[in-house]
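Below are the chains, spelled out letter by letter.
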Amino acid sequence: MQQAYSAEKAAAFAYIGHAKNVKTEAEKLAIKQIEDDEWEHRREVLEIMKEYNIPISKFYEFKYHIIGKVISGLCYVIGRFMPFFFAGKLESGNVCEYFRMKQYFNAIGIYKHDLALYEMGIKEKEHEVYFLAQVKDDKLLPFFEKIFSWGANSSFNNIDLENKQAPENSGDYCKPNK
Ligand SMILES: [Fe+2]
Ligand SMILES: [Fe+2]
């Protein structure tokens, strides 16, 4: 949870740089919205951490601060494709962070965070789908997909937004070997 909390900051920082480096107003607005979602996630994760007296990790805060700023800066130099691609890849991995947290809580008999964690996981999936849509016709995608295992045909989670499961039926999301 400490890691998720700090990683949201890295993501939000990165999207600030990203938004400055896209051309259309629609893209800027979409990325700004995603940045706001990440700050909101950070607030929600912090709420849960407080409840269990989990402290904020200074190490992760520092590490992800640097990572966020570096990625943000890179958005100024690496063109259009890569920021969208790596943002999508990152989001793809984040989805399961929240579903796994839900599974851990459930394993120790705590169910009251289910909905919040479910919604954060689904939100990350929406972010992933947005970023994928921005690069899906790019001719670089097949090549990057091969190397980084993420793209039009590969994802780091098994959530299908078109056939979304209700929160109470989402138990199969992010289970190993699914
Ligand atoms: Fe997030
Ligand atoms: Fe996200």
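Here, every reference points to the structure presented above.
For clarity, every value in this text was computed on a predicted model and none was experimentally measured.

Conventions and cut-offs
- Residues numbered from 1 in each chain as written.
- Chains lettered and ligands numbered in written order.
- Predicted model: local features only at pLDDT ≥ 70, side-chain atom pairs only at ≥ 80, totals over all residues.
- Heavy atoms only, no water.
- 1 Å grid on protein atoms, 1.4 Å probe; cavity = no way out; pocket = protein on both sides within 12 Å on 5 of 7 lines; lining within 4 Å.
- Points joined across faces, edges and corners; volume = space filled by probe spheres on them.
- Helix = DSSP H or I, 4+ residues; strand = E, 2+ residues; numbered from the N terminus.
- Nonpolar A, V, L, I, M, F, W, Y, C, P; charged D, E, K, R; others polar.
- Donors = N, O, S within 2.8 Å, 3.2 Å for Na, K, Ca; no water.

Q: Explain the layout of surface pockets to me, please; I cannot follow it from the model alone.
A: Think of a ball as big as a water molecule: rolled over the atoms, this probe shows where empty space is left. Here the largest pocket is characterised by a volume of approximately 370 Å³. Taken together, 16 residues make up the lining of the largest pocket; nearest its centre are Ile71, Pro83, Phe86, Ala87 and Leu90. Only α1 (2-20), α3 (58-74) and α4 (81-107) provide two or more residues apiece to the lining of the largest pocket. By residue number, the principal contributor to the lining of the largest pocket is α4, which donates eight residues. Here the lining of the largest pocket is composed, by residue class, of twelve nonpolar, three polar and one charged. Looking at the second largest pocket, its volume works out to about 270 Å³. Taken together, 15 residues form the lining of the second largest pocket, with Ala7, Glu8, Tyr64, Leu90 and Asn94 sitting closest to its centre.

Q: Which parts of the structure should I look at to understand the coordination of the iron ion (ligand 2)?
A: When four donors bind a metal tetrahedrally, each ideal donor-metal-donor angle is 109.5 degrees, and when six bind octahedrally, the ideal angles are 90 or 180 degrees. At the metal site, the iron ion (ligand 2) is ligated by Glu38 (OE), Glu91 (OE), Glu91 (OE), Glu124 (OE) and His127 (ND1), and these contacts range over 1.9 to 2.5 Å. Here the donor residues for the iron ion (ligand 2) map to a single chain with the spacing E-x52-E-x32-E-x2-H.

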